[in-house]
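# Residue-level structural notes
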Amino acid sequence: MMTEPLISIVMPAYNAEKTIKDAIQSVINQTYKHWELLVIDDCSKDSTKEIVQQLCKKDTRIILLKNEKNLGVSKSRNYGIRKSQGSWIALLDSDDMWVAEKLEKQYRLLNQREDADLIFTGSSFINSDGDSFTYILHVPKQIIYKQLLKQNLISCSSVLVRRELLELYPMQRDDMHEDFIVWLQILKKGGKAYGLDEPLLIYRLSVKSKSGNKKKAAQMTYQVYQLMGLNTAQSIYYFFWYAVKNYKKYKRIYSKR
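All of these numbers come straight from a predicted model, not from anything done at the bench. (Residues numbered from 1 in each chain as written. Predicted model: local features only at pLDDT ≥ 70, side-chain atom pairs only at ≥ 80, totals over all residues. Heavy atoms only, no water.)

### What to know about the packing of helix α7 (residues 178-188) against helix α8 (residues 214-227)
Note the threshold: Axis definition: a line fitted to C-alpha atoms, limited for helices to the stretch in contact. Angles are taken between N-to-C directions and run from 0 to 180 degrees. Starting at the N terminus, helices and strands are each numbered in turn, a helix being any DSSP run of H or I of at least four residues and a strand any DSSP run of E of at least two. Here is the rule for handedness: rotate from the far helix to the near one, and if that takes an anticlockwise turn smaller than a right angle the crossing is left-handed, while a clockwise turn gives right-handed. By definition, residues are in contact when any of their heavy atoms lie within 4.5 Å. Charged residues are taken to be Asp, Glu, Lys and Arg, nonpolar residues to be Ala, Val, Leu, Ile, Met, Phe, Trp, Tyr, Cys and Pro, and polar residues to be all remaining types, Gly included.
Interaxial distance between α7 and α8 falls to 10 Å at its minimum, and their mutual angle equals 35°. For α7 against α8, the interelement crossing comes out right-handed. When α7 is examined against α8, the residues Phe180, Ile181 and Leu184 are found in contact with a partner set consisting of Thr221, Val224, Tyr225 and Leu227. In the contact of α7 with α8, the residues fall into six nonpolar, one polar and no charged.

### Here's the deal with the side chain of Asn111
Spelled out, the test is: Under the rule applied, a polar contact is a pair of N or O atoms within 3.5 Å (in protein, one hydrogen donor and one hydrogen acceptor; residues adjacent in sequence only if both atoms are side-chain atoms).
Assignment of secondary structure puts Asn111 in helix α4 (residues 102-112). For Asn111, the side chain forms a polar contact with the main-chain oxygen of Tyr107, separated by 3.0 Å.

### What about the pairing of strand β6 (residues 118-126)?
Just so we agree on the cut-off: For every residue, the accessible area (1.4 Å probe, protein chains only) is compared with the maximum for its type, and the residue is labelled buried under 20%, exposed over 50%, or partly exposed between those bounds. Only when DSSP finds a minimum of two bridges between them are two strands counted as paired.
The element β6 is extensively covered by neighbouring structure, given that nine of its nine residues are classed as buried. Examined bridge by bridge, β6 and strand β9 (residues 160-162) share two bridges and lie antiparallel to one another. What sits directly across from Ile119, in β9, is Leu160. When β6 meets strand β10 (residues 193-204), the two strands line up parallel, connected through nine bridges. Looking across to β10, one finds that Ser124 is bridged to Ile202. Pairing geometry for β6 and strand β7 (residues 132-137), over three bridges, is antiparallel. Of the residues in β7, the one forming a bridge with Ser124 is Ile136.

### Describing helix α2 (residues 48-58)
The following threshold applies: As used here, the arc is the angular range of directions from the helix axis to the C-beta atoms.
Regarding α2, the residues found buried are Thr48, Val52, Leu55 and Cys56. Angular distribution of buried residues about the axis of α2 spans 110°; they occupy a single face of the element. Opposite the buried face of α2, by more than 90 degrees, sit the exposed residues Lys57 and Lys58.

### Thoughts on the packing of helix α1 (residues 20-28) against α2
This is how the line gets drawn: An angle counts as roughly parallel when it lies under 35 degrees, as roughly antiparallel when it exceeds 145, as roughly perpendicular when it falls between 65 and 115, and as oblique in every other case.
At a minimum axis distance of 10 Å, the contact between α1 and α2 shows a crossing angle of 25°. Taken as axis vectors, α1 and α2 run roughly parallel relative to one another. In terms of crossing hand, the pair formed by α1 and α2 is right-handed. Taking contact as the criterion, the partners of Ile20, Lys21 and Ile24 in α1 are, on α2, Thr48, Ile51, Val52 and Leu55. Along the lines of polarity and charge, the residues of the contact of α1 with α2 split into five nonpolar, one polar and one charged.

### Details of the packing of aromatic side chains
Stated formally: Only rings of Phe, Tyr and Trp enter the pairing, Trp through its six-membered ring, and a pair is recorded when the two centres are within 6.5 Å. The plane angle decides the type: under 30 degrees is stacked, over 60 is edge-to-face, the rest tilted.
In the structure shown here, the tally under the stated rule is nine aromatic pairs. Ring centres 5.8 Å apart and planes at 35° place the aromatic pair Phe125 and Tyr135 in the tilted group. Taken together, the residues Phe125 in strand β6 and Tyr135 in strand β7 connect sequence positions ten residues apart. Here Phe125 falls in the buried class, since its relative accessible area comes to 3%. Given the relative accessible area of 9%, Tyr135 is considered buried. Through a chain of ring-to-ring contacts, the aromatic side chains of Phe125, Tyr135 and Tyr203 assemble into a single cluster.

### So, the nonpolar core
The line we're drawing: Throughout this description, the term nonpolar core refers to a set of buried Ala, Val, Leu, Ile, Met, Phe, Trp, Tyr and Cys residues connected via side-chain atoms within 4.5 Å.
In terms of nonpolar packing, the biggest core is built from 48 residues, with Leu118, Ile154 and Trp183 touching the most fellow members. Per element, the largest residue contribution to this core is seven residues, and it comes from α7. Aside from chain neighbours lying at most four places away, what touches Leu118 is Ile154, Val159, Leu160, Val161, Trp183, Ile186, Lys192, Ala193 and Tyr194. Core analysis: the second largest hydrophobic core is formed by 34 residues, Tyr32, Leu37, Leu55 and Ala90 among them.

Encoded structure:
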């Protein structure tokens, strides 16, 4: 049994007053207790900062960091990672939530898969008002680079990643799927990514998000392929898989209420 590691949870936040309290409460509710939560306020114009400050007073494991200017999600996450102390990093967006056993179950899998570089989970879904969908995103026990190119099954808010890998591959390009780029970089170099096929992430669907705009999301996916060095034929091949799989995914989500 490995020594229980400190898990650093990094949460960028911008104008998140409607959802951030629930997101943070889902961290506080974790059955795995050896964590720190770094919330990076990216110059919010609403009461995000004040909400987090009140929660910091109640739990010293919560740390508020403030950007001097708006940096965007990638640089905010990178800043939080630099300031963190944990050997493992978990990412949680300020509008998503975790099931209480999420970190504990990922820790258990770490004990079984000591070669793991990244552990991700399945997801359930809610809309912007918090209403639940019945669809569950299932994930494989392991995913490799070429499989990930076909469909990004690694939800950013579900991951637990080795710290050194996020330092080696910092997030970039907010104009694309910045997290998808990192997972591909890790797996392309032979990193091991294992999945927990349980909906331990509660993912909030929003039309305002990058993934919510399907046309824009598709364009960004193709750009990611080009960034990863795929030629035109390869990009078209994997984009076909992406389009089919994501069409089926969202059709299932919105047909099951």
